[in-house]
Amino acid sequence: MKLFSLRTLLIVSLVLAAGAGWFAWRQNAAQSPEQRYKFQEAGVADVVQNVSANGTLSPVTLVNVGTQVSGTVKKLHVDFNDVVKAGQVLAELDDALYTAAAKQSEANIASASASLDLARANEARIRTLFADEYVSRQELDQAVQAKKAAEAALRLARAQNDRDRANLGYAVIRSPVSGVVVDRQIDVGQTVAASFQTPVLFKIAQDLTRMQIYTSFAEADIGNIRVGQAVRFNVDAFPNRSFNGTVKQIRLNPTTTQNVVTYNVVVEVENPDQQLLPGMTAYVSIAVAEKKEVLTVPNAALRFRPSTPAAKPEGGREANGNGAPRGDGEKRGKRRDAGSGTVYVLADGRLKAVSVATGITDSRATEVTGGELKAGDRVVVGENMPAPETGSASGVRMRMF
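Read on for an overview of the structure. (Residues numbered from 1 in each chain as written. Predicted model: local features only at pLDDT ≥ 70, side-chain atom pairs only at ≥ 80, totals over all residues. Heavy atoms only, no water.)

## Re the sheet that holds strand 10 (residues 200-205)
So, step 1. Pairing is antiparallel in the open sheet, where four strands are placed in the order 3-10-8-5. Edge strands, defined here as strands with exactly one partner in the open sheet, are strand 3 (62-66) and strand 5 (83-84).
So, step 2. Direction of pairing for strand 3 relative to strand 10: antiparallel, over a ladder of five bridges. If you follow Asn64 over to strand 10, its bridge partner there is Lys203. (Pairing = 2+ DSSP bridges. Helix = DSSP H or I, 4+ residues; strand = E, 2+ residues; numbered from the N terminus.)

Here you go:
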């Protein structure tokens, strides 16, 4: 008797579950397309197509100031953000060794000058004796040679003195240009060595009222960029403000990273108030195409694909990746047509696929250049999420025994 009751209870549960599923299916099938799908109207609007990239703000001219001699930093005359003029002293190195070398070369000049005076006197005396035939021709030639050697020694001593005085002058670091000190890499007491390469002591931005953005664009976008195009960009420091610039240069040297080819683009920026600082990240946008008063559809309509087979295009044709119907014989590896798409409209209570030719696009809408779609047609942009079931709405609700 107990076994019969369990079987009866199980059969009743299965029947109730089947009835609840059948009722929910009927309720979903009976839902009207107006309630199931989200619609937007195709309309006439302006479309601006942009290409975007990130870049870094830099001064137009950034001069690295180094030193040609080694030594210990004795004095610093400037710091970060100081405005300097061309020729202004930035720092001084310990010049004790260079001063001593300059004094030594000056003494060598004096010694070489005295030797030259003696050689000239000897050469004049020998010439007089040679005229009276008291000395031989060979002695005259030796006197002339000694005078020339003394002259060469004097020139050598003067050249060495010029070198030592130049090294002494290099111990004083001067600014080669007028500008602003944006970086200082030395401190008092630090030893700088210029043995193999010139160390960088300061970085001076020549003019911060004019700056440049160094950015890169993919090869798919570079064909639409031209020198002189207007540029808009934002920086994180001023999120609510847009800045303007101009494409200054498209560099022909490509960069390939993981099979992605990019080209460097230099954007010229006016910075009269100097709010833009070197090193800021710029989010660059360049308008490469613009259409006025054209038929547009939301981008979501081109991405929408119905979940029910009945709403797919007729003739057994499947929509390809961008919405255009694809024939049965089209290969999957074939490159799709980027200028076409498919949208869905409501006709006779059912969804109907409409093929359209597409043009330029922005982040919200795409231009429609051909097809049967008209302004005012309602296109599907998505499906409404079904409301969660309640006991009264579902009609039947399973209860655990």
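## Focus on the pairing of strand 20 (residues 365-371)
So, step 1. Bridging between strand 15 (residues 281-298) and strand 20 involves three bridges; their strand directions are antiparallel. Counted as the bridge partner of Thr296 is Glu367 from strand 20.
So, step 2. Here strand 19 (residues 350-361) pairs with strand 20 via four bridges, running antiparallel. Considered in strand 20, the bridge of Ala357 is made with Gly370.
So, step 3. Hairpin connection of strand 19 to strand 20: three residues between the antiparallel strands.

## Details of unusual backbone geometry
So, step 1. Phi is positive for Gln258, close to 55°, though the residue is something other than glycine.
So, step 2. Assignment of secondary structure puts Gln258 in the loop between strand 13 (238-257) and strand 14 (260-270).
So, step 3. At Asn259, a position not held by glycine, the phi torsion is positive, near 65°.
So, step 4. Within the element layout of this structure, Asn259 appears in the loop between strand 13 and strand 14.
So, step 5. A relative accessible area of 76% places Asn259 in the exposed class. (Buried < 20%, exposed > 50% of the residue type's maximum accessible area, 1.4 Å probe, protein only.)

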